[in-house]
Every structure is written in C-alpha cells, then in structure tokens.
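Take a look at the letters that make up each chain.
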Amino acid sequence: MNMIRSLLQFDANTFRQALINLPPTQAKETLDAPQLSEIYVPPKHGKALSPEYNIVVGMRGAGKSFWTAVLNDEKTHRFVADAARVQGLANIVVRVGFGLDPSDKDFPNRASIESLLSRNYRPDAIWQAVLLRHALIYLNRDLPFNTGWEAAVSWVETHSGEVDKYLAECDQALQEQGKVLLLFDSLDRLADDWKKIRGILSAALKLCLECRSRRAIRFKFFLRPDMVEENDDIWSFADSSKLLHAKPELEWRPNDLYGVIFLHLANSVIVGEEFRNILSQKTSVQWQIMDGAYLFPRNIDEELIRGIVEAITGPWMGASAKKGYTYTWIPVHLSDAKRRLSPRSILLAFKEAAEWTDANRPNHNLALHYEGVQQGVVKASEIRVRELKEDYPWVEPLLRALKGSAVPLTFDELREKWTEACVQESLDAASTNQRLPPRRYSNDPSPGRKLDSLVDDLVELAVLYRTEDKRYNMPDIFRVGFGIKRKGGVRPPR
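Calculation criteria
Residues numbered from 1 in each chain as written. Predicted model: local features only at pLDDT ≥ 70, side-chain atom pairs only at ≥ 80, totals over all residues. Heavy atoms only, no water. Helix = DSSP H or I, 4+ residues; strand = E, 2+ residues; numbered from the N terminus. Rg over C-alpha atoms; globule rule 2.2 N^0.38 Å. Contact = heavy atoms within 4.5 Å. Areas by Shrake-Rupley, 256 points an atom, 1.4 Å probe, with all protein chains shown as cover. Lys, Arg positive; Asp, Glu negative; His and termini not counted. Charge placed at Lys NZ, Arg CZ, Asp CG, Glu CD. 1 Å grid on protein atoms, 1.4 Å probe; cavity = no way out; pocket = protein on both sides within 12 Å on 5 of 7 lines; lining within 4 Å. Points joined across faces, edges and corners; volume = space filled by probe spheres on them. Phe/Tyr/Trp six-rings, centres within 6.5 Å; stacked < 30°, edge-to-face > 60°. Lys NZ or Arg CZ within 6 Å of the ring centre and 35° of its normal. Buried < 20%, exposed > 50% of the residue type's maximum accessible area, 1.4 Å probe, protein only. Pairing = 2+ DSSP bridges. Axes fitted to C-alpha atoms, helices over the stretch in contact; angles between N-to-C directions. Salt bridge = Lys/Arg side-chain N within 4 Å of Asp/Glu carboxyl O. Core = buried A, V, L, I, M, F, W, Y, C linked by side-chain atoms within 4.5 Å. Parallel < 35°, antiparallel > 145°, perpendicular 65-115°, else oblique. Left-handed = near helix turned anticlockwise from the far one by under 90°. Nonpolar A, V, L, I, M, F, W, Y, C, P; charged D, E, K, R; others polar.

Draft legend 1. Broad picture of the overall build of the protein. The secondary structure content of the protein amounts to 23 helices and 8 strands. Here the protein has a C-alpha radius of gyration of 24 Å; the compact-globule value for 494 residues is 23 Å, and the two agree. A principal-axis box enclosing the C-alpha atoms of the protein has dimensions of 75 × 60 × 35 Å. A sequence separation of at least 24 residues applies to 73% of the contacts in the protein between residues at least 6 apart. Only carbon and sulfur atoms are counted for the fraction: they give 44% of the accessible area of the protein, which is about 22200 Å². Considering the protein, the positive charge centre built from 67 side chains and the negative charge centre built from 66 side chains are found 4 Å apart.

See the structure below:
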C-alpha cells in the first residue's frame, strides 16, 4: 500500500463535485489567453517556449495553439516566464504571423493568402510584408504601403532593397526596446494540399532562417509531426538543418497529466483550500501563489503523485490488482502508439469519471469509482477520435472499415478491408473537408506500394504500430472509439 495514500483523506463528495467542474475540454480555436490558474507548464515545455527555439513539434492536443495564445498575451507570457523560469520570455514582444484568427487584421487569413497566390504574388513576399508590418506598427512608424494585404505584398515585391533597409532599421530599433517574436500556428490550415503547403510554409521558414542573424527578430513555428520530416520538400532549402537540429517537442509525461488535475484542484473554489491544506499538513508540499493563481509545486515526486491519485481513485481498476493499477492504467489507455499523451484527454477522463460516479455510485467512499474511470477513458477516446477525424478526415473511412475486427491484423487483412473504394472514400474525405491528404501515400510515385505508404502514414500518426511478429496493432485511445476489438482491451461502446 502506498504509505502516502494512507495519509490523504479527501472528502469524496466535494472532490467529486470539483472534478465535475473541471474546465471545458474543447480544442483551442481562438487567440484568447487562458486563465492563469489553468496554466500548467510541464518541465520539458520550458525549452519550447524559449524565444531561441524556432521549431516546436506537437501532435493534436499537445498544446500548440494553447501556447500560442499564452505567448500572444503580454500578462500571460510574463506569468509563464516567472512561474516556469523561462529565460528571455518576460520582456519579449510577441506578435502572431499566422494562427487561429480569421479576422485578416494582423496577418492574412487563408482566403487572403489564396487570393494573393492566385495573383502570382510570391509566398516570401507575403511573410516579409507580415513581419515588416508588425515591426513598423510596434515601433509606431508610418507604413510605406497602404492598408490591405495586397498593397503591402505588392510594395514588398517591388521594393526589395527598401524592405531590407526597413528590416535592418527595425532590428536596430527593436534591440533597444527588446526582442520581437513572431509566432506561426495552425499552418495545416494554409491550404488543402501538400504542394501548396510546402511552398507557403517553406517560404516562411526561409525567412525565419534569414532572420536568425538579426539581433531582435525571432520566429517560432508550432508544427505538426508530419511537417517536420527532414526528407520532405518543405525543408529542401539551403541550411534548413540549422532549424531542424533543435526542435523541442510538446511532450506530456504521465505525471504531467496528473499535475494538470492537481493544479485545477489546488485552484478550485470548492476544494482548493482543503486540498492545499491536506497536502501541506501531511506531506512536504509548499504552495506558492502568483498573480492570484496557485502554482504546481515543483517538489512533488512520483510517490506523492501516485498517493494523491490513489486517494482520489483507489489503487486498482477493479476489486483487486488483477485488473491493473489505476495510476499506470489511466495513462497507458490514454496514449497513442508513440506513447504520446494529451492533457485534454485526462481532463475529459476525470470529468466523465466524476459524472459517472455521481450518477451511478453516489455513496462510493472515494471521489471516483474504477468503473467511472473506465467510462472516462472511453469518453476521452471518443473525443480523441473526433479530433483525429477533424485534422485527418482521411483516417475515418479506413478505421471505420475495421469496425468489428480484432487487432492485431496482418497487412493482408488490412488490404482486404481497405478496398479501392474505401481508399478513394478516404481521399475524398480529405478533399471535401479541405484538409491535407495522407502525406506518404499522396507522394508515393509507385502504384504498387501505395497501400504500404498508407499504412506508413497511419504508423507516422501513431494510430497503428507494428508488433514483433510484423502485424499491426492499435492503441486503445483510437481502437475503442472506432469499435475495434482487442482481447482483454477496454470494451468499445455499444
């Protein structure tokens, strides 16, 4: 028995209500900053937030748009700089070069970019115009072009010498006032085919590389994993390796996920004071408050985290350890094939588990019943599948064709399910939803290997993984949501 768990007694009903009140788990779709009490900074994210790192990699739900919104707000990124001790972040000026804002105000939206390209304006001129406009407005200087993106891009194309002069002057002036960081996020929404994406994104990355020699202008790109493959044409420009050699990933460890839950409990209006007092009195935890928000203590070790989890959920996923230990069972069943985790999944799983326990086991002596935890994971799987469908709509027809099958499957069994009509439906789904098609499949010139490339795309996405006997298996987070079976796995919803 975890000795710490025996010391921690949380009131089941009030803690259950606090978990029911966990914040909404929708994907970030705006540049609005989150509340300070909702910001948990995993230790490995400090490097990703530093202005000196240009490329940051993250899967859906890892925090790319969340951190873009955090950095874009001066008060919020100063808070993160102090709370997580991120060097160089506190006094930087942040602007967005492309992201979740359709207004066309601070950067051209997708429609404007498509319109500019259709008029044969160069992608590099678009991004130079965005950078120059942000720099001149911040320095309170007159713009040398009229308002409107076409006027700005047209001026940049016809005044290349003056653009360099302006940027050099801005760089020097900015150096006296602090650095400017230009953020790029949601770049998969720039276009709906890889050829266009490569041209636009590659131009922005080249400008980033050129600006590395400037003293006060920095770029940061939050990119999907399939956009940082070194052999892709996105990176086929001179010295691109200088950008790729250090690309921190937005990685969440299992204890980071539990840290997200604990942070919300510490700041809860229902149980915050009780939670903080119990941990302070029974353990060595010391709380720090900053700008009205309690920070996650850095001295919480794994044994203590496990003790807190077990005090909320119980130690096992059943009446005994036979069904697994809750502390390890939850992250295992929320991870993809590359063991990547999303904070949104744990918030949803705990919120759903609390609602299930409240409705079905209201007199349970702990905040969460293990059956509720299992139902929470099923719900988190459904949401993860929905996100997968949104970002990669070509995946749905392929996995839908596997419904009722039991993994692992051989390549021949996959080929039998993925008929020509099924694959065409997959490609049509990407086109209809204006999303990118499977990268390897759409680039493979060999008709005979197309299906191999499609499987490789799913492995790259961490939807499938190869077993030692060369079959293909699927993690529960996707398998359950698509109604695919596995002996001994979580039962898919009916």
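What follows continues from the structure just given.
Draft legend 2. Focus on empty space enclosed by the protein. All chains considered together, the criterion is met by 4 cavities of 30 Å³ or more. There is about 180 Å³ of room inside the largest cavity. What lines the largest cavity is a set of 14 residues, and nearest its centre among them are M59, R60, L388, Y392 and L461. Sorting elements by how many residues they give to the lining of the largest cavity places helix α17 (residues 370–391) first, with 4 residues. Of the volumes computed, that of the second largest cavity is approximately 50 Å³.

Draft legend 3. Local environment of the environment of L36. In this structure, L36 sits in the loop between α2 (12–20) and α3 (45–49). Between the C-alpha atom of L36 and that of A152, which follows or precedes it by 116 residues, the distance is 37 Å. Not counting the four nearest positions on each side in its chain, L36 is found in contact with K75, T76, F79, D291 and A293.

Draft legend 4. Spotlight on the packing of aromatic side chains. Following the criterion strictly, the structure yields 19 aromatic pairs and no others. Its end group placed over the ring of Y294, R276 keeps NZ or CZ at 3.7 Å from the ring centre. Here K450 stacks its cationic end above the ring of Y441, 4.6 Å away from the centre of that ring.

Draft legend 5. Quick look at the environment of W316. Tracing the backbone through its elements, the reader meets W316 in the loop between α14 (302–313) and α15 (326–334). The class of W316 is partly exposed, set by a relative accessible area of 33%. In this structure W316 touches A321, G324, Y325, T326 and Y370, once residues within four positions along its chain are discounted.

Draft legend 6. Broad picture of the pairing of strand β4 (residues 217–223). Buried residues dominate β4, accounting for 7 of its 7 residues. Across the two faces of β4 the burial is the same, with I217, F219, F221 and L223 and R218, K220 and F222 all buried. Note that strand β1 (residues 55–57) and β4 share 3 bridges and pair parallel. Considered in β4, the bridge of V57 is made with L223.

Draft legend 7. A look at the sheet that holds strand β3 (residues 180–184). Taken together, 4 strands build an open sheet; the order of strands is β1-β4-β3-β2 and the sheet is parallel. Pairing within the sheet leaves two strands with one partner each, and these edge strands are β1 and β2 (93–98). Neighbouring strand axes in the sheet, compared pairwise and without regard to direction, differ in orientation by 25° on average. Here β3 runs beside β4; their pairing, made up of 5 bridges, is parallel. Within β4, the position partnered with L182 by the bridge is F219.

Draft legend 8. How the structure looks around unusual backbone geometry. Cis geometry is adopted by the peptide bond preceding P408, which originates at V407 and carries an omega value of 5°. For P408, the position within the fold is in the loop between α18 (395–400) and α19 (411–417). Although it is not a glycine, N120 sits at a positive phi angle of roughly 70°.

Draft legend 9. Up close: the pattern of salt bridges. Per the stated rule, a full pass over the model turns up 38 salt bridges. We note a salt bridge from R344 to E387, for which the minimum N-O separation is 2.6 Å. Here E387 lies in helix α17 and R344 lies in helix α16 (residues 343–360), a separation of 43 residues in the sequence. Given the relative accessible area of 13%, R344 is considered buried. The partner of E396 in a salt bridge is K389, and the shortest N-O contact between them spans 3.7 Å. A residue is classified by how much of its surface remains accessible, and E396, at 26% relative accessible area, is partly exposed. On the accessibility criterion, K389 (31% relative accessible area) is partly exposed. Connected through salt bridges with shared partners, the residues R198, E229, D232, R439, R440 and E460 form a single ionic network.

Draft legend 10. Main features of the nonpolar core. In terms of nonpolar packing, the biggest core is built from 107 residues, with L19, F262, F275 and W418 touching the most fellow members. A total of 8 residues in this core trace back to one element, the largest contributor, which is helix α12 (residues 254–266). Dropping the residues within four chain positions of it, F262 is found in contact with F275, F296, I305, I308, V309 and I312. Among the nonpolar cores identified, the runner-up in size contains 61 residues, and V96, A191, W194 and A216 belong to it.

Draft legend 11. Up close: the packing of α16 against α17. Their axes nearest at 7 Å, the elements α16 and α17 cross at an angle of 135°. Relative to α17, the element α16 is oriented oblique. Considering the relative orientation of α16 and α17, their crossing is right-handed. Facing α16, whose interface residues are R344, S345, L348, A349, E352, A353, W356 and T357, α17 presents E371, G372, V373, Q375, G376, V377, K379, A380, I383, R384 and E387. Across the contact of α16 with α17, the residue classes tally to 8 nonpolar, 5 polar and 6 charged.

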